[in-house]
Amino acid sequence: MRVWIDMTASAHVLVFRPLIKLLHQQGHEVEITARDYAQTLQLLELHGLEATVVGRHGGRSRLGKARSLASRLSALKGWAKGRVFDVALAHGSHELTMTARRLGIPSATTFDYEWAWLQHQLGCRAATRVVVPEAIPAERLAKYGAVPPKLRQYAGLKEEYYLADFQADSRVLDGFELDPDRLLVVVRTPPDVSLYHRASNPLFPRVLDHLGRHEGVHAIVLPRTDDQREYVRGLDLPSVIVAERAVDAQSLIALADLVVSAGGTMNREAVALGTPVYTTYGGRLGGVDEWLIREKRLIPLTDPRALELRRRPEGEATRLRRDPQVMLDLLLSAREKD
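Presented here is an overview of the structure given in this document. (Residues numbered from 1 in each chain as written. Predicted model: local features only at pLDDT ≥ 70, side-chain atom pairs only at ≥ 80, totals over all residues. Heavy atoms only, no water.)

Digging into the overall build of the protein chain
Secondary structure assignment for the protein chain yields 13 helices and 13 strands. Since a compact globule built from 338 residues should have a radius of gyration of about 20 Å, the 20 Å found for the protein chain is in line with a globular shape. Along the first, second and third principal axes, the C-alpha atoms of the protein chain reach 60 × 40 × 40 Å. Across the 338 residues that make up the protein chain, the buried fraction comes to 55%. (Helix = DSSP H or I, 4+ residues; strand = E, 2+ residues; numbered from the N terminus. Rg over C-alpha atoms; globule rule 2.2 N^0.38 Å. Buried < 20%, exposed > 50% of the residue type's maximum accessible area, 1.4 Å probe, protein only.)

The structure is reproduced here in C-alpha cells:
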C-alpha cells in the first residue's frame, strides 16, 4: 500500500511519527509533503523524516491565507498527479483532503479542535473519513458534513496514542543553563496566526512577566514563530530562557514542574505525561478542553498570581498509554467501502 501524508503544522509530525513507523513495519510505502510553517520542518529533521516541502503559511490576513491555499492546492495536485496512492492522511490539512478528492484518492483527516470553521468546512466535506476524539460532541461536527459512517471517534487524547512509546530524555536539559534549585516551567506561546484564535490573549504577556521576574523559576519559552521569539527575547526578562529552535518539547514537559500554555497540543501533552498544566487559551474552548477541565486535569488560568509554583513530586507519573494501531486503523478505514 502507498500512503500519502501531508503535514502543515508542528504537531502533525508528532501525531504521525508512530503511525509512519507502524506503516513501515507493515511493509507499506509512505511519502510525506509538508508546509514550511513554525517548527514543522525542524521537527521532521529531528525525527528523521524526509518530506517534500510544498508551500508556506499565508500569514495573518484572510487574503494571504486564501492566496496560499490556492497556490498550495495547485502545487499539491501537480506533485501527487501521476503518483499512485492508495490512501491520503492528514491532521486537519484541508489542502490534502481537497486535493485527494480531486484525484480520486480516499482520504482521512483527524483533529481535536472543532471550532476551526472554515478549515473543517473544506477539509471534512472533502474527506472520506473524519477521525476525532469522543470528547467532541458529534452534533458539533454534523455541520461540517461529518456524520457516520464518515465520522469515526476514538477514546481519550490523541497524545495518549502518539506518546505511547515515549520515554523522557534528560539530555534535552543540556541545551539550557539551568539552576537545579529553581522550578522548571515550560511556557508555550499563543497560536496568534490562526484564524480561529482572533480573540486577544492579554493574559499571556502578564503570565510571562510574572514568571520572568520570579527568582525561584526558570521559564523556558517555546515560541511558534521567529517573530514570537524576537518579541519574547526583547522583553529581557531575567528568568526567561527562549528556545532558539525546535527541541524535544515532550521531554521538557515530562521533566518540568509545571506547564503554562496558550495553545492546545502542549496542554494535552502535559496531561498525557502527568505534568501539572495551566491554560491561558484565549479562544473558544473545544470539547476536549472542556472535558479535561471538568476532570480537573487542565486548569484554566485567569490571573498569574493563581499559579501554584511548587516542586513536582518525584517518581513516575501516572500515564495512560494507548495503542497507536487503533488510530492508524481508524484513519485507514478510509479505504473501506461503506
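Here the narrative resumes, following the displayed structure.
Quick notes on the packing of aromatic side chains
A full pass over the atoms with the stated rule returns 5 aromatic pairs. On the numbers, 5.4 Å between centres and 85° between planes, the contact of Y154 with Y161 is edge-to-face. Across the pair, Y161 and Y154 agree in class, each one buried. These aromatic residues form a ring-pair network of at least three members: W4, W79 and F85. Positioned over the ring face of W291 is R297, at 5.4 Å from the centre of the ring. (Phe/Tyr/Trp six-rings, centres within 6.5 Å; stacked < 30°, edge-to-face > 60°. Lys NZ or Arg CZ within 6 Å of the ring centre and 35° of its normal.)

Examining the layout of surface pockets
Space inside the second largest pocket adds up to approximately 520 Å³. In terms of lining, the second largest pocket is formed by 27 residues, of which the most central are A254, L255, A256, D257 and R312. Per-class residue counts for the lining of the second largest pocket are 14 nonpolar, 4 polar and 9 charged. (1 Å grid on protein atoms, 1.4 Å probe; cavity = no way out; pocket = protein on both sides within 12 Å on 5 of 7 lines; lining within 4 Å. Points joined across faces, edges and corners; volume = space filled by probe spheres on them. Nonpolar A, V, L, I, M, F, W, Y, C, P; charged D, E, K, R; others polar.)

Brief notes about the pattern of salt bridges
The tally for this structure, following the rule as stated, stands at 26 salt bridges. A salt bridge links E114 to R140; the nearest nitrogen and oxygen atoms lie 2.6 Å apart. Pair noted here: E114 is in the loop between strand 5 (107–110) and helix 5 (117–126) and R140 is in helix 6 (residues 138–142), with a separation of 26 residues, a long-range link. Judged on exposure class, the residue E114 and its partner R140 are both buried. Among the salt bridges present, the one from R268 reaches D289, with a minimum N-O distance of 3.2 Å. A residue pair is termed long-range when its members are at least 10 positions apart, and R268 in helix 11 (residues 265–273) and D289 in helix 12 (residues 287–294) qualify at 21 residues. Here R268 falls in the buried class, since its relative accessible area comes to 6%. (Salt bridge = Lys/Arg side-chain N within 4 Å of Asp/Glu carboxyl O.)

Describing the sheet that holds strand 12 (residues 277–279)
Backbone hydrogen bonds are what pair the strands of a sheet, in a parallel or an antiparallel way. Pairing is parallel across the open sheet formed by 6 strands, whose spatial order is 10-9-8-11-12-13. Where the open sheet ends on each side, the last strands, each with one partner, are strand 10 (240–242) and strand 13 (299–300). By the bridge criterion, 6 bridges tie strand 8 (residues 183–188) to strand 9 (residues 217–222) in an arrangement that is parallel. Paired with V186 across the bridge in strand 9 is I220. On top of the sheet, helix 8 (residues 203–212) reaches strand 8, strand 9, strand 10 and strand 11 (258–261); it is set at about 160° to strand 8, its chief contact. (Pairing = 2+ DSSP bridges. Contact = heavy atoms within 4.5 Å. Axes fitted to C-alpha atoms, helices over the stretch in contact; angles between N-to-C directions.)

Quick look at the packing of helix 1 (residues 10–25) against helix 13 (residues 324–332)
Contact geometry for helix 1 and helix 13: axes closest at 10 Å, N-to-C directions at 80°. With respect to helix 13, the element helix 1 is oriented roughly perpendicular. Contacts between helix 1 and helix 13 involve F16, P18, L19, L22 and L23 from the former and P324, Q325, M327, L328, L331 and L332 from the latter. Residue classes in the contact of helix 1 with helix 13 are distributed as 10 nonpolar, 1 polar and no charged. (Parallel < 35°, antiparallel > 145°, perpendicular 65-115°, else oblique.)

Remarks on unusual backbone geometry
Here the residue pair P148 and P149 is connected by a cis peptide bond, since its omega of 5° sits within 30 degrees of zero. Looking at where P149 falls in the secondary structure, it is placed in the loop between helix 6 and strand 7 (151–154). The backbone of A38 shows a phi angle near 50°, a positive value even though the residue is not glycine. Of note, the phi angle at K296 is positive, near 60°, even though the residue is not glycine.

Observations regarding empty space enclosed by the protein
Following the criterion strictly, the structure yields 3 cavities of 30 Å³ or more and no others. One number sums up the size of the largest cavity: a volume of about 40 Å³. In terms of lining residues, the largest cavity is bounded by G92, S93, H94, T97, T109, F111, Q119, H120, G123 and C124. Mapped onto the lining of the largest cavity, the elements with two or more residues apiece are helix 4 (94–103) and helix 5. Here the lining of the largest cavity is composed, by residue class, of 2 nonpolar, 8 polar and no charged.

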